[in-house]
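What follows is each chain in one-letter form.
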Amino acid sequence: MSALIFALKKDLAQKLDVSPLSPDLLANKSLADIGATLLWYGKQQIRADEVFTISGNDTNQLVFDKSTVKIDYIGSGLKMGHITVNGDTGGFLGFQMRQGSIIVNGSVADFAACGMAGGLLQINGNVGDYLGAALVGERAGMKGGTVIVKGNAGERTGDQMRRGMILIDGNVGNYCASRMLAGTIGVLGSVGEYVGYGMRRGTLLLTKTPKLHATIQDCGTHTLPFLSLMFKSFSGLPSKFAEINSNRAHRFSGDIGNDGKGEILVLK
Amino acid sequence: MIINGVQIDDTFAEAFNMRGTRVIITAQNHKWAYNAANAMTGFATSVIGCGVEAGIERELSQEETPDGRPGVAILMFAMGSSVLMKQLENRMGQTILTCPTAAAFSGIEGNERINLGKNLRFFGDGFQTSKQFGGKRYWRVPVMDGEFITEETTGMVRAVGGGNFLVLATSQPQALAACEAAIEAMKKIPNVIMPFPGGVVRSGSKVGSKYKSMFASTNDAFCPTLKGLTKTQLSDDIESVMEIVIDGLTDADIRKATYVGIKAACALGAENGIKRISAGNYGGKLGQFQFHLRDIMNDKSLSGESA
């Protein structure tokens, strides 16, 4: 069995929605049937084999080669299997994925891990705004699973995040952890302004003290035993966070404008 | 059957179905882990008066605990799930929540989950927070020494309680010495506890009493001072009898502990006053398990593993 490869064979003028190309939907289909899968391309539908050269037979291991930012919804609703993306991808990567794993060897546009409920999403490049956030109109964002970003992330990372973990090796834009409901976000680099704006619960792990607005309160420096549990759970993850083992942190709590039970922990 | 001059009676211990759980207690160091564990397993010798039977199973190194701190594993057994749940929560609240630096974690998997810190979180008065790592939920409750950490639930399994054997000796110090030797050996066996003080019980009981309010009373047949008064089980040379009660996660664990304990007691031999090994039962009518002493002592698989 070799991985089922979708190699992009033409420049895309419109956005291409590849949500039908997921392991559970392709299982037990022949290569011809897979090629006949209809995909939304702009406002029309086209066959998968019109845009991709398709080879391989293992529907549990998908590869998107020569991917570009025009391809949306890779790994949408993923329930099983593994997807590798070589190149950049568009929006809604791993949209509402539940299990399995996605690795992107490139950068990703906005709304990655939107509504994600489980599994592992690893982005080896940068990622746009609203990582792990809620779909517009939804009341809660990501509710499970693990997201690892090797590069930087945009604004509103973890907006309304409900559960799960986002670990970012690089920097994050403004409004990091805004309106966060629960879960864990770790940022090794710097964060922009208004960090934790409207944060209700949840944990934001940082390594440098950011500029904090007035409704985030200083609770002092503490040795927190739960951090040992947390870092133990990080071990084995392909993230620089796996190398950290400190349970001493400066604790800020907020946003007291919104219940104030969230915490920003600056590791010492 | 005679081992080192000690007679092994042709009888059996009668044991019961129980519900059991294991909790891992960690703290800043072993001293405080033991302080917490000793309090949690205190007054837990017999289900009759204490609700649960509990004891320290073994010490855990830093590498063996969830939070990388020194700890101990405790086992707790009860006759039913509801009693076990109630006792566990009560004891957690009064002994682990209160003990400086102590934390509690699930020590056993199992489809049936019972509350460990699930309701203790409300002590946090709204300041408590939960975290999920590796599919397990933990609670962080702010307390005066920092934060109290506890896993939300622990596993509950079907277990066996009431395995036992009796050591019959020519004097009280000799009976106790044999029991101490047995307990030291049995402590090395995983999945079992000996819930009585120091692992040994001197007040073995029989069912019933002349008093209406009593369900059980002293086992007069094994009381050395009553030899001339009752239908005694003791010969002239027996002056003291002590019992070791064993609770375990499976009947195989109890068989193993029984074997190791009797072997250690018999190692002192007849020359040290150890005369007989017997066991307590109710005629085989009440318990779901029977541990026949001679069968256990002849079991080659047990001797192989303990070597």
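Treat the numbers as computed from the prediction; the structure is a model and nothing was measured. (Residues numbered from 1 in each chain as written. Chains lettered and ligands numbered in written order. Predicted model: local features only at pLDDT ≥ 70, side-chain atom pairs only at ≥ 80, totals over all residues. Heavy atoms only, no water.)

1. A closer look at the overall build of chain A
Note the cut-off: Think of it this way: any DSSP run of H or I at least four residues long counts as a helix, any run of E at least two long counts as a strand, and we number them from the N terminus. The atom set for the radius of gyration is the C-alpha atoms, and the globule formula is 2.2 Å times the number of residues raised to the power 0.38. Buried residues are those whose accessible area, probed at 1.4 Å on protein chains only, stays under 20% of the maximum for their type, while exposed residues exceed 50% and partly exposed ones sit between those limits. Per-residue and other accessible areas were derived by the Shrake-Rupley procedure at a 1.4 Å probe size, with only the shown protein chains allowed to occlude residues.
When helices and strands are tallied, chain A shows four helices and 17 strands. Its C-alpha radius of gyration of 19 Å places chain A within 12% of the 18 Å reference for a compact globule of 268 residues. Based on the C-alpha atoms only, the size of chain A along its principal axes is roughly 65 × 35 × 25 Å. By residue count, 56% of the 268 residues in chain A fall in the buried class. Here chain A displays about 10700 Å² of accessible surface, and carbon together with sulfur accounts for 47% of that area.

2. Remarks on the packing of helix α4 (residues 172–186) of chain B against helix α5 (residues 251–268) of chain B
Residue and element names in this part refer to chain B. The cut-off we apply is this: Comment: axis = line fitted to C-alpha atoms, over the contacting stretch for helices; angle = value between 0 and 180 degrees taken between N-to-C directions. Reported orientations rely on four angle classes, namely roughly parallel under 35 degrees, roughly antiparallel over 145, roughly perpendicular from 65 to 115, and oblique for the rest. Each crossing is labelled by how the near helix is turned from the far one, with a counterclockwise turn of less than a right angle marking it left-handed and a clockwise turn marking it right-handed. Only heavy atoms enter the contact rule, under which two residues are in contact if any of them lie within 4.5 Å. Nonpolar residues are Ala, Val, Leu, Ile, Met, Phe, Trp, Tyr, Cys and Pro. Charged residues are Asp, Glu, Lys and Arg, and all others, Gly as well, are polar.
Where α4 meets α5, the axes come as close as 8 Å, and the angle between the chain directions of the two elements is 140°. On the basis of their axis angle, the class for α4 and α5 is oblique. Between α4 and α5 lies a crossing of right-handed hand. Along its contact with α4, which presents Ala177, Ala178, Ala181, Ala182, Ala185 and Met186, the element α5 presents Ala257, Val260, Gly261, Ala264, Ala265 and Leu268. Of the residues assigned to the contact of α4 with α5, the class counts are 11 nonpolar, one polar and no charged.

3. Details of the interface of chain B and chain A
To keep it simple, the criterion reads: The term buried area means the drop in 1.4 Å probe accessible area that two parts suffer when joined, counted for both and summed. A pair is scored as a salt bridge if a Lys or Arg side-chain nitrogen falls within 4 Å of a carboxyl oxygen belonging to Asp or Glu.
Every contact between the two is made by 16 residues of chain B and, on the other side, 16 residues of chain A. Taken over both partners, the interface formed by chain B and chain A buries close to 1300 Å², and the fraction arising from carbon and sulfur atoms is 59%. Among the residues chain B hides against chain A, the three largest losses belong to Lys131, Phe133 and Arg140 of chain B. Together they make up 41% of the total. Salt-bridge contacts for Arg140 of chain B lead to Glu263 of chain A; the nearest nitrogen and oxygen are separated by 2.5 Å. Among the elements that take part in the side of chain B that touches chain A, strand β8 (residues 129–133) of chain B stands out by supplying four residues, more than any other.

4. A word on unusual backbone geometry
Along the chain, Gly254 of chain A connects to Asp255 of chain A via a cis peptide bond; the corresponding omega equals -5°. Its location among the elements puts Asp255 of chain A in the loop between β16 (248–254) and β17 (262–267). Of note in the backbone geometry, Phe92 of chain A takes a positive phi value of approximately 60° without being a glycine. With respect to the secondary-structure elements, Phe92 of chain A resides in the loop between β8 (82–87) and β9 (101–105). One non-glycine residue, Thr101 of chain B, adopts positive backbone phi at about 65°.

5. Focus: the environment of Asp237 of chain B
Residues and elements named next belong to chain B. Selection rule: Polar contact is the term for a pair of N or O atoms within 3.5 Å; when the atoms are in protein, one must be able to donate a hydrogen and the other to accept it, and sequence-neighboring residues count only if both atoms are side-chain atoms.
Tracing the sequence through the fold places Asp237 in the loop between β14 (216–218) and β15 (240–248). Setting aside its immediate chain neighbours within four residues, Asp237 contacts Ala169, Thr170 and Lys275. Here Ser235 takes part through its side chain, which lies 2.5 Å from a polar atom of the side chain of Asp237.

6. Describing the confidence of the model for chain B
Stated precisely, the cut-off is as follows: Predictor confidence is given residue by residue as pLDDT, running from a minimum of 0 to a maximum of 100.
For chain B, per-residue confidence averages 95 on the pLDDT scale, and residues scoring 70 or more make up 99% of the total. If you check the scores for this complex, the pTM reads 0.91 and the ipTM reads 0.90.

7. Focus on α5 of chain B
Residues lying three or four places apart along an α-helix face the same way, a consequence of the helix completing one turn every 3.6 residues. All names here are of chain B. This is how the line gets drawn: Every helix has an expected span of 1.5 Å times one less than the residues it contains.
Here α5 contains 18 residues, and its C-alpha end-to-end distance of 26 Å stays within 8% of the 26 Å for a straight helix at 1.5 Å per residue. Along α5, 13 of the 18 residues are buried, which leaves the element largely enclosed by surrounding structure. Positive backbone phi, at 75°, marks Gly269, one or two positions downstream of α5.

8. Remarks on helix α3 (residues 81–96) of chain B
Between its first and last C-alpha, α3 of chain B extends 21 Å over 16 residues, near the 22 Å set by a 1.5 Å rise per residue. By the burial criterion, the buried members of α3 of chain B are Leu84, Gln87, Leu88, Arg91, Met92, Gly93, Thr95 and Ile96 of chain B.

9. Thoughts on the pairing of strand β5 (residues 71–78) of chain B
All names here are of chain B. The test is simple: Criterion used throughout: strands pair if DSSP finds at least two bridges between them.
Within β5, eight of the eight residues are buried, which leaves it mostly tucked inside the rest of the structure. In β5, alternate side chains face the same way, and those of Gly71, Ala73, Leu75 and Phe77 on one face and Val72, Ile74, Met76 and Ala78 on the other are all buried. Of the strand pairs in this sheet, strand β3 (residues 12–26) and β5 are connected by eight bridges, and their pairing is antiparallel. Among the inter-strand pairings, Thr21 is bridged to a residue of β5, identified as Met76. Relative to β5, strand β4 (residues 53–60) is paired through seven bridges, and the arrangement is antiparallel. Looking at β5, one finds that Leu60 is bridged to Gly71.

10. Section: the packing of aromatic side chains
All names here are of chain A. Spelled out, the test is: For this analysis, a ring pair means two rings from Phe, Tyr or Trp (six-membered ring only for Trp) whose centres lie within 6.5 Å, classed as stacked if their planes differ by under 30 degrees, edge-to-face if by over 60, and tilted for the remaining angles.
If you walk through the whole model with that rule in mind, you get 16 aromatic pairs over all chains. Centroid distance Phe92 to Phe111: 5.2 Å. Interplanar angle 5°. Geometry classified as stacked. Separated by 19 residues along the polypeptide, Phe92 in the loop between β8 and β9 and Phe111 in the loop between β9 and β10 (120–123) bring together distant segments of the chain. In this structure an aromatic cluster arises from ring pairing among Tyr73, Phe92, Phe95, Phe111 and Tyr130.

11. Re the pattern of salt bridges
Summed over the entire model, instances satisfying the criterion amount to 21 salt bridges over all chains. Note that Arg47 of chain A is salt-bridged to Asp49 of chain A, the shortest N-O span being 2.9 Å. Using a relative accessible area of 35% as the deciding quantity, one classes Arg47 of chain A as partly exposed. Here Glu57 of chain B ties to Arg22 of chain B by a salt bridge, and the two come within 2.7 Å at their closest N and O atoms. Residue Glu57 of chain B is found in strand β4, and its partner Arg22 of chain B is found in strand β3; the two are separated by 35 residues along the sequence. Looking at Glu57 of chain B, the relative accessible area reads 7%, which means it is buried. Note on Arg22 of chain B: relative accessible area 13%, which makes it buried.

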